[in-house]
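# Reading the structure
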Amino acid sequence: MPAPPCTSCHTARAALRRPRSGHALCGACFCATFEAEVLHTVLAGRLLPPGAVVAVGASGGKDSTVLAHVLRELAPRLDISLQLVAVDEGIGGYRDAALAAVQRQAARWELPLTVVAYADLFGGWTMDAVARSTAGLGRSRSCCTFCGVLRRRALEEGARLVGATHIVTGHNADDMAETVLMNFLRGDTGRLARGGGLGSPGEGGALPRCRPLQFASQKEVVLYAHFRRLDYFSEECVYAPEAFRGHARDLLKRLEAARPSAVLDLVHSAERLALAPAALPPRPGACSRCGALASRALCQACALLDGLNRGRPRLAIGKGRRGLDEEGPPGDRARPPASEAIPAF
Ligand SMILES: Nc1ncnc2c1ncn2[C@@H]1O[C@H](COP(=O)(O)OP(=O)(O)OP(=O)(O)O)[C@@H](O)[C@H]1O
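Predicted model, so just to flag it, every value in this text is computed and none were measured.

## What to know about the overall build of the protein chain
Regarding its fold elements, the protein chain presents 14 helices and ten strands. Relative to its 345 residues, the protein chain shows a buried fraction of 52%. For the protein chain, long-range pairs separated by at least 24 residues make up 74% of all intrachain contacts whose partners lie at least 6 apart in sequence. As displayed, the protein chain has an accessible area near 15900 Å², and 53% of this comes from carbon and sulfur atoms.

Spelled out as structure tokens, the structure:
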């Protein structure tokens with residue numbers, strides 16, 4: 001049976017059915033709609049003001065590849081300029097190949113690229129060295145804890161290096177919903193209080209961060225990359241954890257099968273969540289070493305590096321176990337194969 005006509009242009013044949021709305025669209029109309037929706041997210045949330053110098057956290061993976069491509073399309077309308085910033089965590093056999101993808105993207109799209117390396121920023125520590133040092137702490141899980149905290153710091157440093165005024169990352173709606181669900185299941189009111197909204201406004205001198213793909217489903221991110229023929233790196237990190245996040249992902253998949261809007265509804269719920277005053281976490285202070293926001297004497301990055309340098313990584317993780325496990329915004333985890341979402345027609 002031939003594919004139905006595109007419900008937008010009514011001329012081309014539809015190439016996909018949008019997973020949530022069910023609309024049948026051709027590839028060109030789908031991509032235009034996807035870009036318009038990201039534009040709406042940025043404008044409605046006032047995420048990137050005119051004149052912003054935007055550092056795109058570029059991992060070479062599908063999400064940041066799509067984000068960089070879409071923002072490049074939208075840059076003239078938004079009046080922003082883009083810088084790709086890639087973090088080399090020092091993960092042999094993984095990050096090198098991902099960085100090669102980022103280098104190809106930068107060359108093809110004529111975007112400036114800066115690579116910052118953990119080894120240079122963190123006194124010689126690479127993730128491979130951290131992994132050796134933390135072996136026995138529940139390898140993959142503690143690796144991802146370290147990596148998430150250090151990457152956040154590294155991205156901030158890279159963005160400052162290129163004179164960026166804002167940082168964007170490629171977290172999508174599925175990433176966000178998993179995080180919200182995990183925070184609920186762990187009763188982590190501190191993260192719930194910080195986890196909604198489209199990013200952080202740049203407290204404590206940090207650059208403002210946002211996630212323009214926060215309302216885009218993972219399937220549609222993959223579809224966009226497919227129709228725009230984007231070249232990205234899709235292998236899983238060698239330290240990808242067998243983490244709690246996997247349970248949240250499985251649960252969400254089942255919920256989504258029963259109620260297709262479950263992922264977005266969860267993201268919106270977290271955005272609008274208001275905690276009772278008694279449940280609000282204490283206002284963070286400044287890290288006594290680097291001045292970054294910290295809820296203890298040292299911020300998470302300085303505490304982890306301190307533990308590593310003293311040969312006692314367990315201390316840094318153990319002290320704040322609840323606070324540091326599977327840290328921060330979504331990331332650092334096993335992914336389903338991207339091919340799952342290739343068009344139906
Ligand atoms: N090594 C890195 N260098 C720069 N930015 C990164 C790096 N790793 C992750 N990021 C940023 O953090 C976002 C979320 O990272 P995560 O590890 O969850 O990967 P992901 O959801 O698979 O995204 P992607 O498909 O872009 O790799 C990425 O989209 C990217 O913007």
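## Regarding the domain arrangement of the protein chain
Domain annotation of the protein chain identifies domain 1 (27-275) and domain 2 (283-319). Between domain 1 and domain 2, the C-alpha centre-to-centre distance is 23 Å. Contacts between domain 1 and domain 2 engage 16 residues on the former and 15 residues on the latter. Regarding the contact of domain 1 and domain 2, the summed buried area is about 1300 Å², with carbon and sulfur atoms giving 74% of it. The tally of links between domain 1 and domain 2 comes to zero salt bridges.

## Digging into helix α1 (residues 27-44)
Counted at 1.5 Å a residue, the expected span for α1 with its 18 residues is 26 Å, and the 26 Å between its end C-alpha atoms agrees. The elements touched by buried residues of α1 are β1 (16-17), β2 (24-25), α2 (62-78) and α9 (218-227).

## Digging into the environment of E235
Considering the arrangement of structural elements, one finds E235 in the loop between α9 and α10 (244-258). Take E235: its relative accessible area is 54%, and that puts it in the exposed class. C-alpha separation for the pair E235 and L181, spaced 54 residues apart in sequence, amounts to 25 Å.

## Describing the pairing of strand β3 (residues 53-57)
Among the five residues of β3, five are classified as buried, and the element is accordingly described as predominantly covered. Residues V53, A55 and G57 point to one face of β3 and V54 and V56 to the other, with burial holding for every one of them. The pairing of β3 with strand β4 (residues 81-88) spans five bridges and is parallel. The residue of β4 that forms the bridge with V53 is S81. As for the winding sense of the linkage, the β-α-β connection from β3 through α2 to β4 is right-handed.

Calculation rules
Residues numbered from 1 in each chain as written. Predicted model: local features only at pLDDT ≥ 70, side-chain atom pairs only at ≥ 80, totals over all residues. Heavy atoms only, no water. Helix = DSSP H or I, 4+ residues; strand = E, 2+ residues; numbered from the N terminus. Buried < 20%, exposed > 50% of the residue type's maximum accessible area, 1.4 Å probe, protein only. Contact = heavy atoms within 4.5 Å. Areas by Shrake-Rupley, 256 points an atom, 1.4 Å probe, with all protein chains shown as cover. Domains from an automatic or database assignment. Buried area = accessible area lost by both parts, 1.4 Å probe. Salt bridge = Lys/Arg side-chain N within 4 Å of Asp/Glu carboxyl O. Expected span 1.5 Å × (residues − 1). Pairing = 2+ DSSP bridges. Right-handed = clockwise from strand over helix to strand, strands pointing away.

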